[in-house]
Amino acid sequence: MRHRLMIGIALLVSGLRAAPARAQETASDTLLTVDHYLDWEQVADPQISPDGAQIVYTRRWVNKVDDKWESALWIMNADGSHNRFLVKGSDARWAPDGTRILYLADGEPKGTQLFVRWMDAEGASSQVTRVTEKPADPRWAPDGKSIAFVMLVPDSTAWSISLPKPPEGAKWTPAPRVVDGLHYRQDRVGYMTQGFTHLFQVPADGGTPRALTSGRWNVGARFDGLVLGAGYDWTPDGRTIVFDGLRDTTWDRQYQVSRIYGLDVASGTIRTLVSRPGFWANPVVSPDGRSVAFAGYDSTGQTHRTADLYVMGIDGTGMRDLSKTLDRDPETLRWAPDGKGVYFTAPDRGSINVRYADLAGGVRDVTQGAQVVSLASLARTLVAVGVRSDPEHAADVVRLDLRRPPGVTRLTGVNDDVLGNKHLAKVDEVWYNSTGGARVQGWVVKPPAFDPARKYPLILEIHGGPFAMYNVAFSYMFQNFAANGYVVLYVNPRGSTGYGDAFSNAIDHNYPGPDYDDLMAGVDAVIGKGYVDTTRMYVSGCSGGGVLSSWVIGHTGRFAAAAVRCPVIDWISMAGQTDIPLFTYSFFHQAFWDKPDEWLAHSSLMQVGHITTPTLLMTGELDRRTPIPQTEEFYTALKVRGVPTVMLRFNDEYHGTGSKPSNFMRTQLYMMSWFQKYRRPGAEPATGAGNR
């Protein structure tokens, strides 16, 4: 019986033809190949001086020897002129009078420390902190005499046992790690140091930091226990700090719960400003100190909820919703200098633009178009700076004149040397119908020398989250695939953000669910255009995209091969392996010990009996979000089934497979190499993967 089963599987998969192996990519000066990634640069976090005259920003580049990203602070005039290196570091913030900047950099004792640099001709820098834990989210006090920051206060669990004393010179095994909390690990961190995050204040000239908060609770609104910094702001008089967090010793079992508090800096007295059950975060104080803007939503039994922009009095009274009619998540809140409204960014149908909420009522667009624009900082002159990108232009620092929108001026061109002579892919927006009357948005990336009369291989790339949004920013990944002759389809199926609460909650307690229909409808829509070689269609995705790509191959055999990256394939085991356990439980009405059928019904592992698609599995060895045992379970099941399968375990990678420059390039090349090996039987002729 067992031999007959394996013979049957072998016959089943034999219809997938393996092509002869060949090089994944040919070097090119005019197409964007992986070797150009070594010259790629990134920009982030531009900060404009209070007088609007200068901009400091973080610039990152590839260290080709040590295989990592390096970063430094650069500075330029507000018109983009005199652009030059300033100092090694990141997270720069201007002093209120513009005479200094604070920033984070490596210092002593070893690790990240807080520094202050004078912005005069001498440019003297001083190390301000000498702490053993990492300071984060530094903010100047309004008078410029001190700086606030957040930092972990270690608080380990002691467990004393009567162990005999080791003999002199003995090398006994270290004591076990004592874990007594639900959240004890985090992706890109590993095992977390036990303790609590609190606010501190240090003199701007240096000295001993003073704890402003204390106790067995955390400053900072946490998503499922993850340490992601804190949202807080000073009042203009410097007497109060308004912050988010959860002042509750039960925080370890709370999901999507946080509050807004007011701290009297002198006395340490804390008042709860927003106690309404919900997730409230990122408070920003108005210029006159009388109001606070923040984002959040009321407690819900739904898996996901779109946030709104709220405003209240500095004492917590008069809380009202300014963006209820928008139905989009407000991000990066910035008060207008006159205090009459709040600028913010919001994702919408693949784009991210700047909007303005008037305290008197109404929300209007400030920037528009198919682009991704951030709002990093805002000067008193109503000139702002951010980072902008679109499908054909990589991210650069831009200046936004909010007095004359949509005045967006590009100030840097950090990748012009890489892209200047490259033939880039064209990106077309598509809308199509899916089940249940859903209208779904996607984009098709076409090879640079696209010919509609030819047939091209197709890659369906699926985003993670699932509550996230593919946007129209420049994608090196997609451009590289297109440069090698692939048509790339990426879509925002139901569950995606940027389309309103009803759209994102269409997969509430049903994931995977109708999102699968949306992905297949997108493939059908592109096939209908006549240029897809249906014998060479491939599916891929990481994280939530790993969930769905593994689900896809369990429900259809239409793809010639799959590259399933960092997946979740077994929700029951995932709940005990991941760093976000409560998020995992939130997808189901009942715990798995009460209703396992629901958990199993949405697990790709239970569909392995239907899979015939050759599958490449790719996960980081250090992944704490979708840990590698998930990949191992799937790999073993596919191997037992006789499905062509290879597992790649990426060294020095947490969640995802591309944080190291060499691993990003490997990810691209392994995927293309795997895809080139397989095609489905069919009458449509191949056209070759090249497009040069």
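Quick note: structure is the one above.
Right, let's walk through the structure included here.

Rules used in this analysis
Residues numbered from 1 in each chain as written. Predicted model: local features only at pLDDT ≥ 70, side-chain atom pairs only at ≥ 80, totals over all residues. Heavy atoms only, no water. Helix = DSSP H or I, 4+ residues; strand = E, 2+ residues; numbered from the N terminus. Rg over C-alpha atoms; globule rule 2.2 N^0.38 Å. Buried < 20%, exposed > 50% of the residue type's maximum accessible area, 1.4 Å probe, protein only. Contact = heavy atoms within 4.5 Å. Areas by Shrake-Rupley, 256 points an atom, 1.4 Å probe, with all protein chains shown as cover. Lys, Arg positive; Asp, Glu negative; His and termini not counted. Salt bridge = Lys/Arg side-chain N within 4 Å of Asp/Glu carboxyl O. Phe/Tyr/Trp six-rings, centres within 6.5 Å; stacked < 30°, edge-to-face > 60°. Pairing = 2+ DSSP bridges. Axes fitted to C-alpha atoms, helices over the stretch in contact; angles between N-to-C directions. Disulfide = S-S within 2.5 Å. Expected span 1.5 Å × (residues − 1). Patch = residues over 30% accessible without salt bridge, like charges linked within 9 Å, V, L, I, M, F, W, Y side chains within 5 Å.

## Observations regarding the overall build of the protein chain
Regarding its fold elements, the protein chain presents eleven helices and 42 strands. A compact globule built from 692 residues would reach a C-alpha radius of gyration of about 26 Å, and the protein chain, at 26 Å, matches this within 12%. Overall, the C-alpha framework of the protein chain stretches about 80 × 70 × 55 Å when taken along its three principal axes. Taken across its 692 residues, the protein chain has 57% of its residues classed as buried. Counting only contacts in the protein chain whose residues sit at least 6 apart along the sequence, the fraction spanning at least 24 positions is 58%. By element, 51% of the accessible surface of the protein chain is carried by carbon and sulfur atoms, the whole surface being about 29,000 Å².

## Here we look at the side chain of D570
Note that D570 resides in the loop between strand 39 (561-565) and helix 7 (571-577). Despite its burial, D570 pairs with no opposite charge; the closest candidate is R185, at 13 Å N-O. The residues touching D570, leaving out its near neighbours within four places in the chain, are S603, L605, Q630 and E633.

## Points about the packing of aromatic side chains
On inspection of all chains with the given rule, the structure shows 44 aromatic pairs. Taken together, a centroid distance of 5.9 Å and an interplanar angle of 85° make the contact between Y37 and W69 edge-to-face. Placement of Y37 in the loop between strand 1 (17-18) and strand 2 (41-48) and of W69 in strand 4 (residues 68-77) is noted, with a sequence separation of 32 residues between them. W69 shares its class with Y37; the two are buried. Ring plane angle 10° and centroid distance 6.2 Å describe the contact between Y184 and Y191, whose orientation is recorded as stacked. Taking the relative accessible area as the measure of exposure, Y184 reaches 25% and is therefore partly exposed. Taken together, the ring pairs in this structure connect F223, Y255, F467, Y511, W571, F583, Y585, F587, F588, F592, W593 and W599 into an aromatic cluster.

## Considering the sheet that holds strand 39
Strand order in the open sheet formed by eight strands is 34-35-37-36-38-39-40-41, with mixed pairing between adjacent strands. Lying at the two open borders of the sheet, with one neighbouring strand each, are strand 34 (426-433) and strand 41 (645-650). In this sheet, adjacent strand axes meet at a mean angle of 20° when their direction is disregarded. Here six bridges tie strand 36 (residues 456-462) to strand 38 (residues 532-542), and the two strands are oriented parallel to one another. Pairing of L458 across the sheet is with M537, part of strand 38.

## Quick notes on the state of the cysteines
Per the counting criterion, the structure on display carries one disulfide. Between the sulfur atoms of C542 and its disulfide partner C566 the distance amounts to 1.8 Å. On the sign convention where negative means left-handed, the S-S torsion of about -130° between C542 and C566 marks this disulfide as left-handed. Separated by 24 residues along the polypeptide, C542 in strand 38 and C566 in the loop between strand 39 and helix 7 bring together distant segments of the chain. No difference in accessibility class separates C542 from C566, as the two residues are buried.

## Some thoughts on the pattern of salt bridges
This model, assessed by the stated rule, comprises 26 salt bridges. Residue R59 pairs with E41 through a salt bridge whose shortest N-O separation is 2.6 Å. Here the residue R59 occupies a position in strand 3 (residues 54-63), and E41 occupies one in strand 2, the gap between them amounting to 18 residues. Judged by relative accessible area, which is 12%, R59 ranks as buried. The closest approach of N and O atoms between R188 and D187, which form a salt bridge, is 3.9 Å. Through salt bridges with shared partners, a single network forms among R328, D348, R349, R355 and D365.

## Section: helix 11 (residues 661-676)
The end-to-end C-alpha distance of helix 11 is 23 Å, a good match for the 22 Å that 16 residues give at a rise of 1.5 Å each. Within helix 11, twelve of the 16 residues are buried, which leaves it mostly tucked inside the rest of the structure. The set of residues buried in helix 11 consists of P661, S662, N663, F664, M665, T667, Q668, M671, M672, W674, F675 and Q676.

## With respect to a nonpolar patch on the surface
Together, W159, I161, L163 and W172 make up a nonpolar patch on the protein surface, roughly 550 Å² of accessible area in all. Structurally, the position occupied by W159 is in the loop between strand 11 (146-154) and strand 12 (185-186). Residue classification places W159 among the exposed residues on the basis of a relative accessible area of 68%.

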